[in-house]
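# Structural overview
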Amino acid sequence: MHIVMKKASLWQILGVFAKVGAFTIGGGYAMVPIIEKEVVSRGWLTEQEFPDILAIAQSAPGLLAVNISIFAGYRIKGVKGAIAATVGSCLPPFLIILAIAMFFTGYQDNEYVMKAFQGIRPAVVALIAVPMINMAKKSNKNWWSWILTATAMLLVAFLKVSPIYILLVTIVLAVAINVSIERRKR
């Protein structure tokens, strides 16, 4: 992936990713639509670039939100952009968790706190589902990719098949289908 320096200062990158990190409940997938909106609306990345960065971030070891920050920051402004985006996305949640650990440890069994977290759960599920649906709409351009997506989802969700096996089989199937399509075109 080559770097295209976009018009963004390191402070702007830090600020945007800090805002995302500070105000996203659920982390990881819940941050995806917010990061996408922020970087695409500013013209730092295109709608076509973001799914590629998301795919790379999911494939890399580590936390999804941190990986997205690294790859998006790098794409926007190189190594310094990656550092600014990563610090921005990690620092606010770290400080919030630190404050919670220091001041609110006596409230974890409080019935109102427990009810608040129960109320937040459906919103977090929606925040995770929406970017996945949007990514499927953008990425699945033909019938067989929709079938692969649905099959993979069902295998992981209901049959507990390892995603590693699904990825390996999907890669082989995708290559075979594309080769077959290319041969027919000739």
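Model, not experiment: these values are computed from the prediction.

### Notes on the overall build of the chain
For the chain, the helix and strand inventory stands at seven helices and zero strands. Scanning the chain from its N terminus toward the C terminus, one meets helices and strands in the order α-α-α-α-α-α-α. With the principal axes as the frame, the chain shows a C-alpha extent of 65 × 45 × 25 Å. Sorting the 186 residues of the chain into buried and exposed places 28% on the buried side. Intrachain contacts of the chain at a sequence separation of at least 6 include 60% that bridge at least 24 residues. Carbon and sulfur atoms provide 71% of the accessible area of the chain, an area that totals close to 12,200 Å². Taken as two groups, the 18 positive and 8 negative side-chain charges of the chain have centres that lie 7 Å from each other.

### Quick notes on the packing of aromatic side chains
Applying the stated criterion to the full structure yields zero aromatic pairs. The ring of W44 has R42 sitting right over it, with the charged end atom 5.6 Å from the ring centre.

### Some details on helix α1 (residues 10-23)
A rise of 1.5 Å per residue sets the reference length of α1, with its 14 residues, at 20 Å; its end C-alpha atoms lie 20 Å apart and thus fit the reference within 8%. For α1, the complete set of buried residues consists of I13, V16, F17, V20 and G21. Taken around the axis of α1, the buried residues stretch over an arc of 135 degrees, which confines them to a single face. Opposite the buried face of α1, by more than 90 degrees, sit the exposed residues W11 and F23.

### Describing the pattern of salt bridges
Taken as a whole and assessed by the stated rule, the structure comprises five salt bridges. The residue E38 makes a salt bridge to R42 at a minimum N-O spacing of 2.3 Å. We classify R42 as partly exposed; its relative accessible area is 39%. For E182, the salt bridge identified is with K185, shortest N-O distance 3.9 Å. A residue pair is termed a helical-turn pair when its members lie 3 or 4 positions apart in one helix, as E182 and K185 do in helix α7 (residues 163-185) at three residues. Assessed through its relative accessible area of 40%, E182 is described here as partly exposed. One continuous salt-bridge network, built from bridges that share partners, spans K19, E38 and R42.

### Concerning the side chain of T86
As for its placement among the helices and strands, T86 is situated in helix α4 (residues 64-103). Apart from the residues within four sequence positions on either side, T86 is in contact with V66, S69 and I70.

About the thresholds
Residues numbered from 1 in each chain as written. Predicted model: local features only at pLDDT ≥ 70, side-chain atom pairs only at ≥ 80, totals over all residues. Heavy atoms only, no water. Helix = DSSP H or I, 4+ residues; strand = E, 2+ residues; numbered from the N terminus. Buried < 20%, exposed > 50% of the residue type's maximum accessible area, 1.4 Å probe, protein only. Contact = heavy atoms within 4.5 Å. Areas by Shrake-Rupley, 256 points an atom, 1.4 Å probe, with all protein chains shown as cover. Lys, Arg positive; Asp, Glu negative; His and termini not counted. Charge placed at Lys NZ, Arg CZ, Asp CG, Glu CD. Phe/Tyr/Trp six-rings, centres within 6.5 Å; stacked < 30°, edge-to-face > 60°. Lys NZ or Arg CZ within 6 Å of the ring centre and 35° of its normal. Expected span 1.5 Å × (residues − 1). Arc of directions from axis to C-beta. Salt bridge = Lys/Arg side-chain N within 4 Å of Asp/Glu carboxyl O.

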